[in-house]
Structures are given as structure tokens and as C-alpha cells.
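Below, each chain spelled out in residue letters.
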Amino acid sequence: MSVLTPGDDKDFIVRKVTLQTGGSMPNHTNEVQHQQYVLSGEAKVVVGDDVYHAKQGDFLYIPAGITHRYEACYASDYEFLCMIPNRKDTIMMIEKENI
């Protein structure tokens, strides 16, 4: 993950995230909402009870406090931009048995 936002931006943080083929990001919540834009690849993205087959050009919205996870399970790396408000955020990992 890399942060693309200039240090003087006071409103938003833009991060570029890459999951290699077969990689994943575990189920978790954030205190702030996310908006994501898929740059390349495909992934299974689970937001709450909804499952998406996210691919290049898709936008995803992750509400604050909703569980979400990612799996690059479609034989390609998955790369996306993640835009979040520049506010305090706490990430809470969710136990596997709760997925």
C-alpha cells in the first residue's frame, strides 16, 4: 500500500493498494467510510452481507463500521485506489469464525 496524497491535503487521503494473485485482506471494520476505484485486475470483495466480483473501472463504497474483506482469487493481481476522509480511523480485525 502506498499513500498518494500530498502531505498538505487536509480533506482526503488517497492510497493505492495492490493484492497479488491469491492474496487477501482479512475481514475488518473502519470508523471512516471508503470510496474505492479499481485500477486493474479482479477480486472478490465482501462488504457486510454483499459479495462483489470487482474489476477494472468499478467503484465500491464501504460504509463506516461495516465489515469488509478482499480476495484476489481470479488469477490476477488486484489494484485499487482507496479514498478516505482525513479523520481519525480505528481498524478492528474480525475473528474468522465471525465471517
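Check the entry above for the structure.
Residues numbered from 1 in each chain as written. Predicted model: local features only at pLDDT ≥ 70, side-chain atom pairs only at ≥ 80, totals over all residues. Heavy atoms only, no water.

J.: How do you make sense of the environment of Ser-76 when you look at a structure like this?
T.: If you trace the backbone, Ser-76 turns up in the loop between strand 8 (68-71) and strand 9 (78-85). It is 16 Å that separates the C-alpha atoms of Ser-76 and Asp-58, two residues lying 18 residues apart in sequence. Separated by 3.2 Å, the side chain of Ser-76 and the backbone nitrogen of Glu-42 make a polar contact. (Helix = DSSP H or I, 4+ residues; strand = E, 2+ residues; numbered from the N terminus. Polar contact = N/O pair within 3.5 Å; in protein donor to acceptor, adjacent residues only side chain to side chain.)

J.: I would appreciate a short explanation of the sheet that holds strand 8 in the present structure.
T.: In a beta sheet, neighbouring strands pair by backbone hydrogen bonds and run either parallel or antiparallel. In spatial order, the strands read 6-5-8-3-10; together these five strands make up an open sheet with antiparallel pairing. The open sheet is flanked by strand 6 (50-55) and strand 10 (91-93), the only strands paired with a single partner. On average, each strand axis in the sheet is inclined to that of its neighbour by 30°, with strand direction left out of account. Taken together, the six bridges between strand 5 (residues 42-47) and strand 6 define a ladder with antiparallel strand orientation. Across the sheet, Ala-43 pairs through a bridge with Ala-54, a residue of strand 6. (Pairing = 2+ DSSP bridges. Axes fitted to C-alpha atoms, helices over the stretch in contact; angles between N-to-C directions.)

J.: How should I be thinking about the sheet that holds strand 1 (residues 2-3) in this particular structure?
T.: Strand order in the open sheet formed by five strands is 1-2-9-4-7, and the pairing between neighbours is antiparallel. Here the strands that pair on one side only, and so sit at the sheet edges, are strand 1 and strand 7 (59-62). For strand 4 (residues 34-40) and strand 7, the ladder comprises four bridges, and the chain directions are antiparallel. Paired with Gln-36 across the bridge in strand 7 is Leu-60.

J.: Any chance you could explain the layout of surface pockets here in plain terms?
T.: If you add up the space inside the largest pocket, you get close to 230 Å³. Surrounding the largest pocket, 17 residues form its lining, Met-1, Arg-15, Val-17, Met-25 and His-28 being those nearest its centre. Mapped by element, the contributors of at least two residues to the lining of the largest pocket are strand 2 (12-19), strand 3 (24-30), strand 4, strand 8, strand 9 and strand 10. (1 Å grid on protein atoms, 1.4 Å probe; cavity = no way out; pocket = protein on both sides within 12 Å on 5 of 7 lines; lining within 4 Å. Points joined across faces, edges and corners; volume = space filled by probe spheres on them.)

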